[in-house]
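# Structural overview
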Amino acid sequence: SRICNITMDSNSMTMPMSDPNAWATAMNNLGMPPMGMTGQPLIPDFDPNLGMMAGITPMNPMMPGLGMVPAPLSQDVPVVKEIIHCKSCTLFPPNPNLPPPATRERPPGCKTVFVGGLPENATEQLIMEVFGQCGDITAIRKSKKNFCHIRFAEEFTVDKALFLSGYRIRLGSSTDKKDTGRLHVDFAQARDDLYEWECRQRMLAREERHRRKMEEDRLRPPSPPPIVHFSEHECSQLGDKIKDDGKFPEAVRVLLTWLERGEVNRRNANNFYSMIQSSNSHIRRLMSEKSQHEKEMEEAKDKFKTALAGILAQFEQIVSVFQAASKQKAWDHFSKAQRKNLDMWRKQAEEIRNMHNEQLMGIRREEEMEMSDDDMEDAPDSKDSEDSGVSQAEALKEENDSLRCQLDAYRNEVELLKQEQGKNQPIRSEEDNTHSQQLSFLQQALQGMQKQLLKMRDELKQREAELEKSLEDKEQLKNQVQTLKEGLHNLQNIQAMRVSLTENIHVHMLGIISTFLHVHPFGASIEYICSYLQRLDTKINPCEVEALLSRLPCTFRQELTGVGASLEKRWNFCGFQGIKST
């Protein structure tokens, strides 16, 4: 905001002009350009942009680190307070030897000051005259007592008002107690100041967040490019990319997007077919890569199995060492603590040996299961669903036959074991026990095979039922298609009959209209014609009749007769005029 200059005339200036430095210093301390009576600057090198005398560091109240009391203008040049003469009062500076007046802590965004020690006869005009020199004043709240609150437009103006704290004020030349007082200027808390300060802080925070977001957006890596739109040029380039192994994943994604967008038409169908064919040719490469990775995995498995077998052999040796140390001839020579440690170590070694042994056996079982799965692989399914169902049924029958053979073999073995058990019945030895165990195992296996056989039979019946149901559905669909075709054919015949009937009606109507207009040589209006036709058929519409007459300009001609309000459109029959002219 612009700083208000002091307007004075020669009568209010009581300080002698022979020593203008005191007034210049006072005005400079208030941040105003020092001016004399004639309006000429008292100091030639004053910089108006700084609001201070040149050569003196300007004081910025908004600088960080500003305490309760504003810092001096410069370390070298101390602040000198002089007498300030106003229009209706005089301000006398305080004793420079006294300490500076105490102030409270500055509230955030403070624009309001408390002014105490005013004369009893002070008015708002006087307050405006004294403190209006500091800056624009937005509000003055004066109390009945000797104080008031002043709210400025800018925050830095408060520091200029605090400069007047401690001055003695005298109205005119009166020394009456009611006309004098000692000013005390201090920061004041105001809700409006705090609200504006919080709004400004929120605005700065929003700007900072926006700036940080813009910086993050600028530093964010670029997003993946979108799928390009279809064109003949892009299609030709994609055909080359899809044949390249390195660019195939990106190219096939573009091809999929184009197909989903519906870019295929009759013109570019061959290009799309060639690209799909190129995609299909990559299957061989992928299968070869898979087989190569499987080979590497098998080699790694073999290597791991060999290393695990070596580790297990060493564990066996370690366990045998502990077993040898646990024998009587060596065990007696160890102390009690050593025996305890040896026993603990032996148990740990045996647990680790058993764990590794189980892991190795698990790997071998997996290999045996994989080999059995490879042997039991079925023939590949055919393309047709019915053929695949038939092949599955045949495979189930073959598996059923093999299970029957195995079941017969197990039965024969059970009968042989029973015969041997009957022969050796009187002698109950360990062999009998083993035979009975084998017999129980075989019986359990026989029961499992029977359950599996029943399950396979149920699956076979279910597959046959599904196959019959699919055949019935197929036949039903064929019948529905045939009925739909017949209905469509009937609908087309009905539509053709309707068209021919409409044409016959139109021809009949044209004949009647021609006869009617032939006996009216001067023509007739469309309403007159329709009134005649509606006696024959009440459903006739005048718009349809007029449209029918307009379609035949060589036979019917429309003429305008009458003038003004009697203007009328008449239709004439002109079919014979062409014959007469020829």
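Each chain carries its own residue numbering, running from 1 in the written order of its sequence. At least 70 in pLDDT is required for a residue's local features to be given in this predicted model, at least 80 for side-chain atom pairs to be given and counted, and no such filter applies to totals for whole chains, interfaces and linings, which use all residues. Each side-chain value is worked out from all heavy atoms of the structure, with water and hydrogens disregarded.

Under the annotation held in an unreviewed UniProt entry, the chain carries the name Ecto-NOX disulfide-thiol exchanger 2 and is attributed to Mastacembelus armatus. UniProt positions are given in the numbering used here, feature names are shortened, and annotations may be inferred rather than shown by experiment. Under the heading Sequence similarities (unreviewed entry), UniProt records this for the chain: "Belongs to the ENOX family."

## Topic: the overall build of the chain
Across its full length, the chain carries 14 helices and 10 strands. In this scheme, a residue with accessible area under 20% of its type's maximum is buried, one over 50% is exposed, and one in between is partly exposed, where area comes from a 1.4 Å probe on protein chains only. With 582 residues in all, the chain has 26% of them scored as buried. Should any heavy atoms of two residues lie within 4.5 Å, those residues are counted as being in contact. Taking the intrachain contacts of the chain between residues at least 6 apart in sequence as the baseline, contacts between residues at least 24 apart amount to 62%. Here the chain has roughly 41600 Å² of accessible surface; of this, 54% comes from carbon and sulfur atoms. For helices the rule is a DSSP run of H or I covering at least 4 residues; for strands it is a run of E covering at least 2, with both sets numbered from the N terminus onward. Accessible areas in this description were obtained via Shrake-Rupley with a 1.4 Å probe; residue shielding takes into account the shown protein chains only.

## Section: the state of the cysteines
Criterion for a disulfide: a pair of cysteine sulfur atoms within 2.5 Å. Per the counting criterion, the structure on display carries 0 disulfides. With no disulfide partner, Cys-86 has as its closest neighbouring cysteine sulfur the one in Cys-89, 4.2 Å distant. Overall, the relative accessible area of 6% leaves Cys-86 in the buried class.

## Notes on the sheet that holds strand S3 (residues 112–116)
A strand pair is defined by DSSP finding two or more bridges across the two strands. Pairing in this open sheet of 4 strands is antiparallel, and the strands run S4-S5-S3-S8 from one edge to the other. What marks the edges here is a single partner per strand, and that holds for strand S4 (137–142) and strand S8 (184–187). The mean angle between the axes of side-by-side strands here comes to 20°, regardless of whether they run parallel or antiparallel. The sheet contact formed by S3 and S8 spans 4 bridges and is antiparallel. Bridge pairing in S8 links Val-113 to Phe-187. Note on geometry: axes are lines fitted to C-alpha atoms, helical ones only across the stretch in contact, with angles between N-to-C directions running from 0 to 180 degrees.

## Things to note about the nonpolar core
Core analysis: the largest hydrophobic core is formed by 30 residues, its most contacted members being Val-115, Phe-131, Ile-150, Phe-152 and Leu-164. Of the residues forming this core, the biggest block, 4 residues, is contributed by helix H2 (residues 124–131). The contacts of Phe-152, once residues within four sequence positions are left out, are Lys-111, Val-113, Phe-131, Cys-134, Gly-135, Asp-136, Ile-137, Thr-138, Thr-157, Val-158 and Ala-161. Counting residues in each nonpolar core, the second largest holds 17 residues, with Ile-513, Phe-516, Ile-529 and Phe-556 among its members. For our purposes a nonpolar core is just a set of buried Ala, Val, Leu, Ile, Met, Phe, Trp, Tyr and Cys residues, chained together by side-chain atoms within 4.5 Å.

## A closer look at helix H12 (residues 526–536)
All of the buried residues along H12 are Ile-526, Ile-529, Cys-530 and Leu-533. What you see down the axis of H12 is that its buried residues fit within an arc of 95°, all on one side. Pointing more than 90 degrees away from the buried face of H12 are the exposed residues Glu-527 and Arg-535. This arc corresponds to the set of directions leading from the helix axis out to the C-beta atoms.

## Some remarks on the sheet that holds strand S6 (residues 168–171)
Pairing is antiparallel across the open sheet formed by 4 strands, whose spatial order is S1-S2-S6-S7. Taken across any chain shown, the strands that pair with only one partner, and hence form the sheet edges, are strand S1 (84–85) and strand S7 (180–182).

## Structural notes on the pattern of salt bridges
Here, a salt bridge means any Lys or Arg side-chain nitrogen found within 4 Å of an Asp or Glu carboxyl oxygen. Applying the stated rule across the entire model yields 18 salt bridges. Note that Arg-104 is salt-bridged to Asp-186, the shortest N-O span being 3.8 Å. In this pair, Arg-104 is assigned in the loop between strand S2 (89–92) and S3 and Asp-186 in strand S8, connecting sequence segments 82 residues apart. The class of Arg-104 is partly exposed, set by a relative accessible area of 42%. On the accessibility criterion, Asp-186 (9% relative accessible area) is buried. One salt bridge in this structure joins Arg-218 and Glu-215, with 2.4 Å as the shortest N-O distance. Within this pair, Arg-218 and its partner Glu-215 are both found in helix H4 (residues 191–219), separated by 3 residues, close to a single helical turn.

## Some remarks on helix H5 (residues 232–241)
One turn of the α-helix equals 3.6 residues, which is why residues spaced by three or four share an orientation. For H5, the set of buried residues is Cys-235, Leu-238 and Gly-239. The buried residues of H5 all sit within an arc of 105° when viewed along its axis, so they share a single face. The exposed residues of H5 that point more than 90 degrees off its buried face are His-233 and Asp-240.

## Regarding the packing of H5 against helix H6 (residues 248–261)
At their nearest, the axes of H5 and H6 sit 9 Å apart, and the two run at 140° to each other. It follows from the interaxial angle that H5 and H6 lie oblique. As H5 packs across H6, the resulting crossing turns out to be left-handed. Residues Glu-234, Cys-235, Leu-238 and Lys-241 of H5 pack against Phe-248, Ala-251, Val-254, Leu-255 and Trp-258 of H6. In this classification, the charged set is Asp, Glu, Lys and Arg, the nonpolar set is Ala, Val, Leu, Ile, Met, Phe, Trp, Tyr, Cys and Pro, and all remaining amino acids, among them Gly, are polar. Residue composition of the contact of H5 with H6, by class: 7 nonpolar, no polar and 2 charged. The scheme is simple: roughly parallel for angles under 35 degrees, roughly antiparallel for over 145, roughly perpendicular for 65 to 115, oblique for anything else. Left-handed describes a crossing whose near helix is turned anticlockwise from the far helix by less than a right angle; the clockwise case is right-handed.

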